[in-house]
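Residues per chain, in single letters:
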2 protein chains.
Amino acid sequence: MKHKDILNKLRTSGLRPTKQRVEIAKFLFDREKTFHFTVESLNKLLLKKITTKFALATIYNTIHAFKKAGHLNKVEVRGKRSYFDTNITNHHHFYDSDTSELIDIDVKDVIIQKLPKAPNGKKIKNVEVFINLKN
Amino acid sequence: MKHKDILNKLRTSGLRPTKQRVEIAKFLFDREKTFHFTVESLNKLLLKKITTKFALATIYNTIHAFKKAGHLNKVEVRGKRSYFDTNITNHHHFYDSDTSELIDIDVKDVIIQKLPKAPNGKKIKNVEVFINLKN
DNA sequence: TTTCACTTTAGAATTATTATAAACTAGAAT
DNA sequence: ATTCTAGTTTATAATAATTCTAAAGTGAAA
Ligand SMILES: [Mn+2]
Ligand SMILES: [Mn+2]
Ligand SMILES: [Zn+2]
Ligand SMILES: [Zn+2]
């Protein structure tokens with residue numbers, strides 16, 4: 001993803017392409033594979049890559065703006081902090097509690113044959129499959 | 001579950017049956033259906049049922065002791081606080097984000113036909129299916 | 001009854017996240 | 001180019017769930 005594309009992605013999302021947002025967007029979206037991160041881990045990685053550091057609040061602001069714009073997903077994981085995911089398609093996860101690492105699973109790799117019907121008056125919004133790993 | 005059984009349950013878990021533990025154990029385990037709760041919700045419910053209130057730290061201590069003894073499960077749900085579950089068998093959940101309510105799903109009501117194989121050197125510990133509900 | 005390891009408790013500490021409000025800036029208008 | 005302003009960043013404070021601390025209380029063994 002080129003500089004131009006990043007600027008475009010931000011602008012079409014109604015996000016002014018500030019230095020901070022551009023840097024973070026490049027870091028997050030200019031990669032082949034899905035990237036799973038917490039605000040803490042992202043901050044650490046950014047500190048290595050970038051000359052001037054950003055306020056932690058800016059990381060939060062930016063991540064929330066990207067999430068709101070639909071460029072990031074939030075993943076619920078056992079633990080205290082939130083995980084975010086650059087894979088915004090519907091998919092499942094392995095979770096390795098040893099390394100606190102998430103690994104994507106394509107929806108096609110999970111086939112569910114039988115599901116319970118939703119309780120009275122409710123519908124199923126989505127089904128998340130979460131596979132915990134061990135050694 | 002009778003008073004005697006509660007005392008027995010605590011003692012066989014190596015937990016001294018204090019007034020607080022007995023009250024909380026009765027409240028949690030003397031019921032037909034699964035009970036899902038947060039520490040906050042449990043505290044509120046206990047305040048209604050009980051004459052002398054317990055310190056919040058005691059609720060935490062007790063819940064953690066019960067969890068450690070295998071009498072409670074912890075369930076991860078979107079949000080900031082932890083949910084606990086008196087159903088300690090392997091099972092799945094509906095989650096109703098309108099009411100912040102969990103509903104049990106028997107393992108038998110979910111049949112998975114295809115699962116991806118675990119990453120190199122890892123094994124599957126367990127599979128959690130989480131069904132989000134909408135109206 | 002005495003004893004003491006276990007437990008409860010009030011309050012402080014911690015941690016992730018969100019709110020505040022002053023300083024800054026992208027980009028539109030002049 | 002300069003001015004203007006709404007949107008943005010930032011340091012810092014506030015919040016909220018949970019955990020820690022250490023003093024006071026208690027179950028039950030001796
Ligand atoms: Mn957040
Ligand atoms: Mn806990
Ligand atoms: Zn993912
Ligand atoms: Zn349950």
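Treat the numbers as computed from the prediction; the structure is a model and nothing was measured.

The rules behind these values
- Residues numbered from 1 in each chain as written.
- Chains lettered and ligands numbered in written order.
- Predicted model: local features only at pLDDT ≥ 70, side-chain atom pairs only at ≥ 80, totals over all residues.
- Heavy atoms only, no water.
- Near = heavy atom within 4 Å.
- Polar contact = N/O pair within 3.5 Å; in protein donor to acceptor, adjacent residues only side chain to side chain.
- Helix = DSSP H or I, 4+ residues; strand = E, 2+ residues; numbered from the N terminus.
- Nonpolar A, V, L, I, M, F, W, Y, C, P; charged D, E, K, R; others polar.
- Donors = N, O, S within 2.8 Å, 3.2 Å for Na, K, Ca; no water.
- Buried < 20%, exposed > 50% of the residue type's maximum accessible area, 1.4 Å probe, protein only.
- Axes fitted to C-alpha atoms, helices over the stretch in contact; angles between N-to-C directions.
- Left-handed = near helix turned anticlockwise from the far one by under 90°.
- Contact = heavy atoms within 4.5 Å.
- Pairing = 2+ DSSP bridges.

1. As for the protein's contact with DNA strand C
Argument step 1. Neighbouring residues of DNA strand C: 19 residues in total, closest His64 and Arg81 of chain A together with Thr18, Arg21 and Thr58 of chain B.
Argument step 2. Among the atoms of DNA strand C lying within 4 Å of the protein, the sugar-phosphate backbone contributes 79%.
Argument step 3. Note that a phosphate oxygen of DNA strand C is positioned 2.7 Å from one of the side-chain N or O atoms of Arg11 of chain A.
Argument step 4. The contact in question runs from a phosphate oxygen of DNA strand C to an N or O atom on the backbone of Ala55 of chain B, over 3.2 Å.
Argument step 5. Taken together, the elements giving at least two residues each to the surface near DNA strand C come down to α4 (56-68) of chain A together with α2 (19-29) and α4 (56-68) of chain B.
Argument step 6. Partitioned by chemical class, the residues of the surface near DNA strand C number six nonpolar, six polar and seven charged.

2. Remarks on the coordination of the zinc ion (ligand 3)
Residues and elements named next belong to chain A.
Argument step 1. Binding of the zinc ion (ligand 3) to the protein goes through His36 (NE2), Asp85 (OD), His91 (NE2), His93 (NE2) and Asp104 (OD), at separations of 2.0 to 2.3 Å.
Argument step 2. Mapping the donors of the zinc ion (ligand 3) onto the primary sequence gives the spacing H-x48-D-x5-H-x1-H-x10-D.
Argument step 3. We classify His91 as buried; its relative accessible area is 11%.

3. A word on the packing of α2 of chain B against α4 of chain B
Residue and element names in this part refer to chain B.
Argument step 1. Relative orientation of the contacting elements α2 and α4 amounts to 65°, with a least axis distance of 10 Å. Crossing of α2 over α4 shows right-handed handedness. Residues Gln20, Arg21, Ile24, Ala25, Leu28 and Phe29 of α2 pack against Thr58, Ile59, Thr62, Ile63 and Phe66 of α4.
Argument step 2. Looking at side-chain class alone, the contact of α2 with α4 contains seven nonpolar, three polar and one charged residues.

4. What to know about the protein's contact with DNA strand D
Argument step 1. The environment of DNA strand D is made up of 19 residues, and the closest members are Thr18, Arg21 and Thr58 of chain A together with His64 and Arg81 of chain B.
Argument step 2. For DNA strand D, the backbone portion of the atoms within 4 Å of the protein, that is sugar and phosphate, comes to 78%.
Argument step 3. Here a phosphate oxygen of DNA strand D sits 2.4 Å away from a polar atom, N or O, in the side chain of Arg21 of chain A.
Argument step 4. For DNA strand D, a phosphate oxygen lies 3.2 Å from a polar atom in the side chain of His64 of chain B.
Argument step 5. The residue inventory of the surface near DNA strand D, partitioned by class, reads six nonpolar, six polar and seven charged.

5. Some thoughts on the sheet that holds strand β2 (residues 73-75) of chain A
Residue and element names in this part refer to chain A.
Argument step 1. The strand order β1-β3-β2 describes an open sheet built from three strands, whose pairing is antiparallel. One side of each edge strand has no neighbouring strand; the edge strands of this open sheet are β1 (36-38) and β2. The sheet shows a mean angle of 35° between the axes of neighbouring strands, direction not considered.
Argument step 2. Examined bridge by bridge, β2 and strand β3 (residues 83-85) share three bridges and lie antiparallel to one another. Paired with Lys74 across the strands is Phe84, a residue of β3.
Argument step 3. Contacting β1, β2 and β3, α4 runs over the sheet at an angle of about 50° to β3.

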